[in-house]
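# Analysis of the macromolecular model
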Amino acid sequence: MGGMERLLEVMRRLRGPGGCPWDRAQTHESLIPYLLEEASEAADALLKGDSQEMAEELGDVLLQVAFHSVIAEEEGRFSYEDVERSIVEKLIRRHPHVFGEGTAKTPEEVKARWEELKAEEGKKEEPCGLPKHLPTLLRAYELQRKGVDPGSAEGLRAALKKGDLEEALWNLVGLFAKRGLDPETALRRRFQRACQEG
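Residues numbered from 1 in each chain as written. Predicted model: local features only at pLDDT ≥ 70, side-chain atom pairs only at ≥ 80, totals over all residues. Heavy atoms only, no water.

### Describing the packing of aromatic side chains
Overall, the coordinates contain 2 aromatic pairs when judged by the stated rule. Site record: aromatic cluster; members linked through ring pairs are Trp22, Tyr34 and Phe67. The ring of Trp114 is capped by Arg94, whose NZ or CZ atom sits 4.8 Å from the centre of that ring. (Phe/Tyr/Trp six-rings, centres within 6.5 Å; stacked < 30°, edge-to-face > 60°. Lys NZ or Arg CZ within 6 Å of the ring centre and 35° of its normal.)

### Focus on a negative patch on the surface
A cluster of acidic residues, Asp149, Asp164, Glu166 and Glu167, forms a negative patch on the protein surface. If you trace the backbone, Asp149 turns up in the loop between helix H8 (136-145) and helix H9 (153-162). The class of Asp149 is exposed, set by a relative accessible area of 53%. (Patch = residues over 30% accessible without salt bridge, like charges linked within 9 Å, V, L, I, M, F, W, Y side chains within 5 Å. Areas by Shrake-Rupley, 256 points an atom, 1.4 Å probe, with all protein chains shown as cover. Salt bridge = Lys/Arg side-chain N within 4 Å of Asp/Glu carboxyl O. Lys, Arg positive; Asp, Glu negative; His and termini not counted. Charge placed at Lys NZ, Arg CZ, Asp CG, Glu CD. Helix = DSSP H or I, 4+ residues; strand = E, 2+ residues; numbered from the N terminus. Buried < 20%, exposed > 50% of the residue type's maximum accessible area, 1.4 Å probe, protein only.)

### Some words on the side chain of Gln26
Note on placement: Gln26 falls in the loop between helix H2 (21-25) and helix H3 (32-48). In this structure the side chain of Gln26 is engaged in a polar contact, spanning 2.9 Å, whose partner is the backbone oxygen of Trp22. Within the local environment of Gln26, its side chain forms a polar contact with the side chain of Ser30, the two groups lying 2.8 Å apart. Ignoring anything within four residues of it in the chain, the contact list for Gln26 reads Arg15, Leu31, Phe67 and Ile71. (Polar contact = N/O pair within 3.5 Å; in protein donor to acceptor, adjacent residues only side chain to side chain. Contact = heavy atoms within 4.5 Å.)

### Digging into the pattern of salt bridges
A complete count under the given rule lists 16 salt bridges for this structure. For Glu9, the salt bridge is made with Arg12, and the minimal N-O distance between the two is 2.5 Å. Of this pair, Glu9 and Arg12 are both found in helix H1 (residues 3-15), 3 residues apart, which corresponds to roughly one turn of the helix. Exposure remark for Arg12: the relative accessible area of 22% places this residue in the partly exposed category. The salt bridge involving Glu53 is made with Lys48; its shortest N-O contact spans 3.3 Å. Its relative accessible area of 23% is what places Glu53 among the partly exposed residues.

As far as function goes, none of this settles anything; it's purely spatial.
Listed below in structure tokens is the structure:
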């Protein structure tokens, strides 16, 4: 036995009789902070580009998938196979230019079609169409990228002149959105530079 099945078996053992008391006590809800933390650590590793660290941190993210899948399996809600099937079907459905008759020549066309297909599927969205656990800076970026209350250079100058830092930050994020640059990743990269220099 290898691959994902081995990881699932380890998780089943940890959650089973005689397993780990901490692992057995966890729920979908209690694991949310760990999922967010592991995703952030994986993002940091990807920006650093260290292959060993990338593999380790992505493994921690995969652990979260296995953990939630085993909990759901115990509850009779879904299994890892359902998780895998769902993403495979979604990838095929949302890439008609690869698996069907559609066409898309640029990344922008692909992204636009992805959003259209998502809307056609009736995907339920959170308020403003963004997940509530997305980092706030990234939520502001995604919202402005969709054209909702977009910031501008003029707005940034006016906000700084008034000393309204909240409005200035919103407008600064708007400048990132206009250029298609993710401010969360940019700030994460700058943070790493500061830590290396310090």
